[in-house]
Amino acid sequence: MTDTGDATAPFFGFIGAAAALVFSSMGAAYGTAKSGVGIAAMGVMRPELVMKSIVPVVMAGVLGIYGFIISVLIAQKVAPTDYKMFDGYAHLASGLACGLSGLSAGMAIGVVGDSGVRANAQQPKLFVGMILILIFAEALALYGLIVGIILSGKSSTQ
């Protein structure tokens, strides 16, 4: 049996899968922690708003799911044979695109969530504005997910 692929190519594919999951999870963790601090501080004075203020935590948690999806897509395509460097680089780029956009979105969601829930406790009219800002921050990770799916679908046989 001959190996027609490159010996180091799977390394890049697996690094891409790991990068997608690790960086997206870091963004999700930061967004959850930072927003959670704001919710805890706000809940002391306005406990009736705690459940309404959980939105940033949920949105941050979705970022980890994006990274998980890309990691699974990449891991299914990495093979010990017939896996070219092109495939490895495409999967590395896919993982980095999804992971780093998830990390940046998580940071944005954390900052907006922390400030937004505290401000919402003082002025309820700010809730819609906070949600819109959170949606635009989440869109950054969604762009990374879409690019990651497109890049993970690229192969040297096309």
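Our subject is the structure that appears above.
Description of the structure in this document.

Conventions adopted
Residues numbered from 1 in each chain as written. Predicted model: local features only at pLDDT ≥ 70, side-chain atom pairs only at ≥ 80, totals over all residues. Heavy atoms only, no water. Axes fitted to C-alpha atoms, helices over the stretch in contact; angles between N-to-C directions. Helix = DSSP H or I, 4+ residues; strand = E, 2+ residues; numbered from the N terminus. Parallel < 35°, antiparallel > 145°, perpendicular 65-115°, else oblique. Contact = heavy atoms within 4.5 Å. Nonpolar A, V, L, I, M, F, W, Y, C, P; charged D, E, K, R; others polar. Core = buried A, V, L, I, M, F, W, Y, C linked by side-chain atoms within 4.5 Å. Buried < 20%, exposed > 50% of the residue type's maximum accessible area, 1.4 Å probe, protein only. Phe/Tyr/Trp six-rings, centres within 6.5 Å; stacked < 30°, edge-to-face > 60°. Lys NZ or Arg CZ within 6 Å of the ring centre and 35° of its normal.

Re the packing of helix 2 (residues 55-77) against helix 3 (residues 85-122)
Close contact between helix 2 and helix 3 brings their axes to 9 Å; oriented N to C, the two are set at 175 degrees. By the criterion of interaxial angle, the relationship of helix 2 to helix 3 is roughly antiparallel. Along its contact with helix 2, which presents Pro56, Met59, Ala60, Leu63, Tyr66, Gly67, Ile70, Ile74 and Lys77, the element helix 3 presents His91, Ser94, Gly95, Cys98, Gly102, Ala105, Gly106, Ile109, Gly113 and Val117. Partitioned by chemical class, the residues of the contact of helix 2 with helix 3 number 11 nonpolar, 7 polar and 1 charged.

What about the nonpolar core?
By size, the foremost hydrophobic cluster in this structure holds 25 residues, and its most contacted members are Leu63, Tyr66, Ile70, Ile109, Met130 and Leu134. Among the secondary structure elements, those contributing two or more residues to this core are helix 1 (9-45), helix 2, helix 3 and helix 4 (127-152). At 7 residues, helix 4 tops the list of elements feeding residues into this core. Beyond its immediate stretch of four places on either side in the chain, Ile109 contacts Ser35, Pro56, Met59, Ala60, Leu63, Leu134, Ala137 and Glu138.

Considerations on the environment of Val128
Summarising the element assignment, Val128 is placed in helix 4. Residue Val128 is classed as exposed on the basis of its relative accessible area, which comes to 55%. With 61 residues separating them along the chain, Val128 and Gly67 place their C-alpha atoms 28 Å apart.

Re the packing of aromatic side chains
Evaluated as defined, the whole model comprises 2 aromatic pairs. Ring centres of Phe11 and Phe12 lie 5.4 Å apart, and the angle between their planes is 75 degrees; on these two criteria the pair is classed as edge-to-face. Of the residues examined, Phe11 reaches a relative accessible area of 51% and is grouped as exposed. Of note, Lys52 hangs over the ring of Phe127, and the distance from its end group to the ring centre comes to 4.5 Å.

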